[in-house]
Structures are given as structure tokens and as C-alpha cells.
Amino acid sequence: WHLQCFDLKAYLVSNSRMAAFNRRWRCPVCDIVLKPPGDLFVDAYILQILAKTEARDEEVAFDQHGAWRVTAWAAEPGPPSSDEEGVAEPPGATGSAAAGGGAVERGEGR
């Protein structure tokens, strides 16, 4: 076993779509077989940490006592590149929500 968590939703989706049956339901960290629901659980401590972090926080580090701190942040979105300029948004759409930004899913199984 290990303490590193992974995203539950991504794990379930990727395994349900995986064509190679012999590679399904393997831990993305250590490669042991993990079949839901019995072999998986949600780490409540990680959920608490996710609730306290900001949307731009990318990485946290833990000390030997389990205390944590944010160590990496996502880059601020820059101005649109020349390829992105002039791209029409759907009617009624505004800003980053139209580009798929705007919402950050947090919680399950990370």
C-alpha cells in the first residue's frame, strides 16, 4: 500500500473505457489490482486539504508530521495567442466559462 492518492473519477472513467482487459483496474501508482468499490476509499484528510486549497493550487507537500503546504501553482492564463484571436464564442457565452474554464471539480478520491 501507499499514501499517494489519485483521482477517483478519472480512474473509473479510464478503466471503463480501457480496451485491454488485462490492464483494467490497476493502481496508477503501484500497479496492483484495485477493483471498486471494495478496494478503493476516499481519503478524508485529502478532502479536507482540497477544501482549503485555491483553484490555482497545483501541488502540496507534506512534512514528516503530516502538515502540508502548497508548493506549486497553475500559471495565470495569458493573453490569447494569434491562433485563438477571433475565435467566436457561442451565443450567450462569456469569458473563460465559454472556453471550458470557470469550474473546478474538487473532491472525489484525490
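Bear in mind the structure is a predicted one, so any value in this text is a computation, not a measurement.

Draft legend 1. Highlighting the environment of Glu54. As for its position among the elements, Glu54 is in the loop between helix H2 (44–52) and strand S1 (57–62). We classify Glu54 as exposed; its relative accessible area is 54%. C-alpha of Glu54 to C-alpha of Val70: the two residues are 16 residues apart in sequence and 9.5 Å apart in space.

Draft legend 2. Summary view of the environment of Ile49. Along the chain, Ile49 turns up in helix H2. With 20 residues separating them in the primary sequence, Ile49 and Arg69 have C-alpha atoms 9.4 Å apart. If we skip the residues at most four places from it in the chain, Ile49 touches Val60, Phe62 and Trp68.

Draft legend 3. Quick look at the nonpolar core. The biggest cluster of nonpolar side chains holds 5 residues, and these are Phe6, Tyr11, Cys27, Leu34 and Leu40. In contact with Leu40, other than residues within four places in its own chain, are Phe6, Leu8, Tyr11 and Leu34.

Draft legend 4. Inspection of the pattern of salt bridges at higher detail. Enumeration according to the criterion identifies 1 salt bridge in this entry. With a shortest N-O distance of 3.2 Å, Glu76 and Arg56 are connected by a salt bridge. Pair noted here: Glu76 is in the loop between strand S2 (68–73) and helix H3 (95–98) and Arg56 is in the loop between H2 and S1, with a separation of 20 residues, a long-range link.

Draft legend 5. Region of interest: the confidence of the model for the chain. Per-residue confidence for the chain averages 74 on the pLDDT scale, and 74% of its residues sit at or above 70. When mean pLDDT is compared element by element in the chain, S2 scores highest at 92, while H3 scores lowest at 33. Below a pLDDT of 50 lies the segment residues 87–110, which in the model reaches 29 contacts outside its immediate sequence neighbourhood of four places, other chains included.

Draft legend 6. Region of interest: unusual backbone geometry. Cis rather than trans, the peptide bond between Pro36 and Pro37 has omega equal to 0°. Following the sequence through the fold, Pro37 ends up in the loop between helix H1 (8–17) and H2. In this structure, Trp25 is a non-glycine residue whose phi angle is positive, near 60°. With respect to the secondary-structure elements, Trp25 resides in the loop between H1 and H2. Trp25 gets classed as partly exposed once you look at its relative accessible area, which sits at 21%. A positive phi angle is found at Asp31, which is not glycine, with a value near 75°. Secondary-structure assignment places Asp31 in the loop between H1 and H2. The class of Asp31 is partly exposed, set by a relative accessible area of 35%.

Conventions and cut-offs
- Residues numbered from 1 in each chain as written.
- Predicted model: local features only at pLDDT ≥ 70, side-chain atom pairs only at ≥ 80, totals over all residues.
- Heavy atoms only, no water.
- Helix = DSSP H or I, 4+ residues; strand = E, 2+ residues; numbered from the N terminus.
- Buried < 20%, exposed > 50% of the residue type's maximum accessible area, 1.4 Å probe, protein only.
- Contact = heavy atoms within 4.5 Å.
- Core = buried A, V, L, I, M, F, W, Y, C linked by side-chain atoms within 4.5 Å.
- Salt bridge = Lys/Arg side-chain N within 4 Å of Asp/Glu carboxyl O.
- pLDDT = per-residue confidence, 0-100.

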